[in-house]
Amino acid sequence: MMIIEFAGADFEAAGKSIAALTSRWGYQLEPAPIAKPANDPDTKSVDPVAVTSLIVSIPSAMLAVADIADRIHKRRRAGELIERARQLQAEQTAVRLVREDRSVDLANLTPDQLLDLIADEPSAT
């Protein structure tokens, strides 16, 4: 699964915007499990970004590439997803691809970079 996190003032609308885009491709967003912060009595503050975020998962097959013709088709989808992330960024909502080792801002990627990141995921094939 490809995990996408939305954070910002209108993260719910951002999630709906991406859901509308992926549903046109035949894929539905699903809420992803969120790691709950530990209940440490010494912790006095809460990270507002962690509270105001939505994490969803999209099947990796949406952008996983099998051959060159498929890559051309999926590159268009990746471009649409990145463009939507850029629009949401202009509206003060961050859209990040969450990976095991790091989080990547979708708005700063090219379609080829996104496809390569998805190809690197073990569950993408």
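Residues numbered from 1 in each chain as written. Predicted model: local features only at pLDDT ≥ 70, side-chain atom pairs only at ≥ 80, totals over all residues. Heavy atoms only, no water.

(A) Representation of the nonpolar core within the structure. Ranked by internal contacts, the top residues of the largest apolar core, which has 26 residues, are Ile4, Phe6, Leu81, Leu106 and Leu114. Of all the secondary structure elements, the ones that give two or more residues to this core are strand 1 (2-8), helix 1 (11-24), helix 3 (68-90), strand 4 (93-98) and helix 4 (111-120). Top element by residues in this core is helix 3. It accounts for 5 residues. (Core = buried A, V, L, I, M, F, W, Y, C linked by side-chain atoms within 4.5 Å. Buried < 20%, exposed > 50% of the residue type's maximum accessible area, 1.4 Å probe, protein only. Helix = DSSP H or I, 4+ residues; strand = E, 2+ residues; numbered from the N terminus.)

(B) Up close: the packing of helix 3 against helix 4. The geometry of helix 3 relative to helix 4 is characterised by a closest axis approach of 8 Å and an angle of 110° between their N-to-C directions. On the basis of their axis angle, the class for helix 3 and helix 4 is roughly perpendicular. In this structure, helix 3 contributes Arg71, Lys74, Arg75, Ala78, Gly79, Leu81 and Ile82 to the contact, and helix 4 contributes Pro111, Asp112, Leu114, Leu115 and Asp116. Within the contact of helix 3 with helix 4, the residues separate by chemical class into 6 nonpolar, 1 polar and 5 charged. (Axes fitted to C-alpha atoms, helices over the stretch in contact; angles between N-to-C directions. Parallel < 35°, antiparallel > 145°, perpendicular 65-115°, else oblique. Contact = heavy atoms within 4.5 Å. Nonpolar A, V, L, I, M, F, W, Y, C, P; charged D, E, K, R; others polar.)

(C) View of the pattern of salt bridges. One pass over the structure, following the stated rule, counts 8 salt bridges. Residue Arg96 is joined to Glu5 by a salt bridge in which the shortest nitrogen-to-oxygen separation is 3.4 Å. Of this pair, Arg96 sits in strand 4 while Glu5 is found in strand 1, placing the two residues 91 residues apart along the sequence. Among the ionic pairs, Asp70 bridges to Lys74, the shortest N-O distance being 3.6 Å. Within this pair, Asp70 and its partner Lys74 are both found in helix 3, separated by 4 residues, close to a single helical turn. You'll find Asp70 and Lys74 in the same group, each marked buried. Connected through salt bridges with shared partners, the residues Arg71, Arg75, Asp112 and Asp116 form a single ionic network. (Salt bridge = Lys/Arg side-chain N within 4 Å of Asp/Glu carboxyl O.)

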